[in-house]
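# Structure at a glance
Residue-level listing of the chains:
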Amino acid sequence: ELMDTFSIYIGYVLSNSCYPVLQGAIGVGSAFEGWSPREEDVVYQVLVAMDPPRGHTFQLELDTAGQRRGRNFRVRVQLECTCSREQQAENMLCLLHQPQEELRSNGHASLLHTLCTGSYLDVQKTARWFYQLVRATWPALPQSHNWHLVLLPSRRSCQFQVSNGAESFRIEMLFGVRQGRSDIFVSSQPREAWTPSTTWPESYAVAEMKFFKRMARQAPPDSLHLKCLQFFTRLQLGSGFSTYTIKTIVMHLLTIIPVSRWRRRDFVRRLVDISESLRYCVHVRCLNHFVVGNRRLPGEIILPPEVQMAETCNLFHRLVMDPVAHSQAISEY
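Cut-off values and rules
- Residues numbered from 1 in each chain as written.
- Predicted model: local features only at pLDDT ≥ 70, side-chain atom pairs only at ≥ 80, totals over all residues.
- Heavy atoms only, no water.
- Helix = DSSP H or I, 4+ residues; strand = E, 2+ residues; numbered from the N terminus.
- Buried < 20%, exposed > 50% of the residue type's maximum accessible area, 1.4 Å probe, protein only.
- Salt bridge = Lys/Arg side-chain N within 4 Å of Asp/Glu carboxyl O.
- Core = buried A, V, L, I, M, F, W, Y, C linked by side-chain atoms within 4.5 Å.
- Domains from an automatic or database assignment.
- Contact = heavy atoms within 4.5 Å.
- Pairing = 2+ DSSP bridges.
- Polar contact = N/O pair within 3.5 Å; in protein donor to acceptor, adjacent residues only side chain to side chain.

## Remarks on unusual backbone geometry
The phi dihedral of Asn16 is positive, around 60°, even though this residue is not glycine. Among the structural elements, Asn16 can be located in the loop between helix H1 (2–14) and strand E1 (21–28). Take Asn16: its relative accessible area is 83%, and that puts it in the exposed class. Despite not being glycine, Arg285 shows a phi value in the positive range, around 60°. Looking at the secondary structure, you find Arg285 in the loop between helix H9 (267–284) and helix H10 (305–308). Overall, Arg285 belongs to the partly exposed group, its relative accessible area being 28%.

This is the structure in structure tokens:
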């Protein structure tokens, strides 16, 4: 409800501007998938898709260096001619062909001059812009009368906390560009410890969220598949295995073991399955990405052909290249 209200007010503020056009927020991550390793410290992540404003186009360029856990992109911003449309509507200046002095005098600017570094959309500049939008629109929102807003520091997203004394919610607004009509985005969420400001990693968060929604529809009322995931990720906190590793193993198991066999009576057996799957993956140094190259995903999850037909992506590639890391992973297990 809060994000829908933000969308309405921000859409009004940005109408006819040179800034990206924001679409509705999509809930992603563990909180919206129905589980969280830390119930006392839940972060509600929402992904806000951005479309280019009038007179601009977004072109996704693959980083040729590539990544083992997924692909990285840059978002090239290009101007397009609107001269033909200018003849049909008043005060529509063509950003490509109009003299810069005339554009500035009329208050028109290019996205290239605001949120870009060179010709590429800059994540950090976009994050600062999101913070300004949230700060500017918050007083106008009905929720501001009863809730207190605190902005939290972040370089590649917009994080804030809202509280009313009795309840408190921490929200992280990620932003990205959708690949065609698929459920795959390039997103501001970093994959590595340090990510350049013009790098947008490929995000599979929406596809994974849709997978868990599908499982929830098929699961019996006493299914504990989410509790198994929550329990095991909680157990692994502080170890060398990431939450995403455990989540990937559970998603693979959910495609192999029918969701009807994740009931309360199966709880311990499924925990053993997760543990044994982790042991096997560490032993063979291979854990395939759940989305990339997975041709068994449900049809309702829409992938770009290059993602669906790609070679499988090994999340444990580091263990193949580094014998010390492999020995440490065995010890961690």
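Let us keep going from here.
## Quick look at the pattern of salt bridges
Two side chains with opposite charge may pair up if their charged atoms get near one another. With the rule as written, the count across this model stands at 11 salt bridges. For Arg217, the salt bridge goes to Glu300, with nearest N and O atoms at 2.7 Å. Of the two residues, Arg217 sits in helix H6 (residues 205–218) while Glu300 sits in the loop between H9 and H10, which places them 83 residues apart along the sequence. As a salt-bridge pair, Glu276 and Arg279 come within 3.2 Å of each other at their nearest N and O atoms. Of the two residues, Glu276 and Arg279 are both situated in helix H9; the distance of 3 residues between them amounts to about one turn of the helix.

## What to know about the nonpolar core
Judged by nonpolar contacts, the single largest core of 39 residues is most densely connected at Phe211, Ile274, Leu278 and Val291. For this core, the secondary structure elements donating two or more residues are H6, helix H7 (225–236), helix H8 (243–256), H9 and helix H12 (323–332). Among the domains, domain 1 (1–204) and domain 2 (219–332) are the pair contributing at least three residues each to this core. For Leu278, the contacting residues outside a window of four places in its chain are Phe232, Phe241, Thr245, Ile246, Ile249, Phe316 and Tyr333. One finds Met50, Phe58, Val77 and Leu141 within the second-largest nonpolar core, a separate group that totals 35 residues.

## Examining the pairing of strand E8 (residues 158–163)
By the bridge criterion, 5 bridges tie strand E7 (residues 148–152) to E8 in an arrangement that is antiparallel. If you follow Leu149 over to E8, its bridge partner there is Val162. Between the antiparallel neighbours E7 and E8 lie 5 residues. As paired elements, E8 and strand E9 (residues 168–178) share 6 bridges and run antiparallel to each other. In the sheet register, Phe160 faces E9, and the bridge partner there is Ile171. Adjacent in sequence and paired antiparallel, E8 and E9 are bridged by 4 residues, among which Gly165 carries a positive phi angle near 95°.

## Observations concerning the environment of Arg74
Positionally, Arg74 belongs in strand E4 (residues 72–79). With 126 residues separating them in the primary sequence, Arg74 and Trp200 have C-alpha atoms 5.8 Å apart. Not counting the four nearest positions on each side in its chain, Arg74 is found in contact with Gln59, Leu60, Glu61, Tyr120, Thr198 and Trp200. A distance of 3.3 Å separates polar atoms of two side chains, one belonging to Arg74 and the other to Tyr120.

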